[in-house]
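# Structural overview
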Amino acid sequence: SDVCSSDLKRFIKNQPSGNFVPFRTLKRIYSKSNIKKFDFIYKLFNIKKENKKIFVNCLALHCFSDAPASTGKFIFRDYYDQFIKTLEFLKKNNPKNLYWLIKIHPDRSHYGEIGIVESVLKKFNLPYVRICPKNINNTLLFKNINNLYTGRSTIGLEYACFGKKPVICGEAPYSQNN
């Protein structure tokens, strides 16, 4: 079910804003949206609405500067390698009705990584791959995608909270019984 502002206020009732995530960020990420399911997907990929048999996957990226070995085993060399290998695979193996959204890590500017993803996507020139628009919050994103792929990001845990199974490519702090 949708999380609305009153639910968020109740959720953090006795917690000061900014404990982990500021309230305004939670509100933006999980607030209800007036956008109908798949409407933004049809517009983003210029798909005719008569085509009802589309599938949408999302690749949620990490900051490329993060250290993948610090959290345990990971099936790629690093997070940039995961991104490149995924695009190489899609270039050879993507079915016609499968579309991909790339969810860029929101903290990439902190690491000086602005423009890297856009530059790589331009080189690959894959018409069925787009960057997820900034105005699409996680609630709407999770409703519109069929699968979420990530290295080991907490977005995988968030996606699971919506009753869906993420695909993670390595050990994550939330994937073990500690």
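The structure under discussion appears in the preceding block.
The sections below set out a description of the structure shown in this document.

Reading the values: rules and limits
Residues numbered from 1 in each chain as written. Predicted model: local features only at pLDDT ≥ 70, side-chain atom pairs only at ≥ 80, totals over all residues. Heavy atoms only, no water. Helix = DSSP H or I, 4+ residues; strand = E, 2+ residues; numbered from the N terminus. Contact = heavy atoms within 4.5 Å. Areas by Shrake-Rupley, 256 points an atom, 1.4 Å probe, with all protein chains shown as cover. Salt bridge = Lys/Arg side-chain N within 4 Å of Asp/Glu carboxyl O. Buried < 20%, exposed > 50% of the residue type's maximum accessible area, 1.4 Å probe, protein only. Pairing = 2+ DSSP bridges. Axes fitted to C-alpha atoms, helices over the stretch in contact; angles between N-to-C directions.

### Some thoughts on the overall build of the chain
Helices and strands together make up the secondary structure of the chain, namely seven helices and five strands. Moving toward the C terminus, one meets the helices and strands of the chain in the order α-α-α-β-α-β-α-β-α-β-α-β. Long-range pairs, those at least 24 residues apart, make up 64% of the contacts in the chain between residues at least 6 apart in sequence. On the chain, roughly 11100 Å² of surface is accessible, and the fraction owed to carbon and sulfur atoms is 53%.

### Structural notes on the pattern of salt bridges
On inspection of all chains with the given rule, the structure shows three salt bridges. Linking Glu118 and Arg108 is a salt bridge whose minimum nitrogen-to-oxygen distance equals 2.9 Å. On the criterion of sequence distance, the pair formed by Glu118 in helix H5 (residues 116–124) and Arg108 in the loop between strand E2 (98–103) and H5 is long-range, its members being ten residues apart. Judged by relative accessible area, which is 30%, Glu118 ranks as partly exposed.

### A look at the sheet that holds E2
Spatially, the five strands line up as an open sheet ordered E3-E2-E1-E4-E5, and their pairing is parallel. Looking along the sheet, the strands with just one partner apiece sit at the ends: strand E3 (129–131) and strand E5 (167–168). In this structure, strand E4 (residues 147–150) lies alongside E5, joined through two bridges in parallel fashion. Of the residues in E5, the one forming a bridge with Thr150 is Ile168. Relative to E3, H5 is tilted by about 160 degrees, and along the sheet it contacts E2 and E3.

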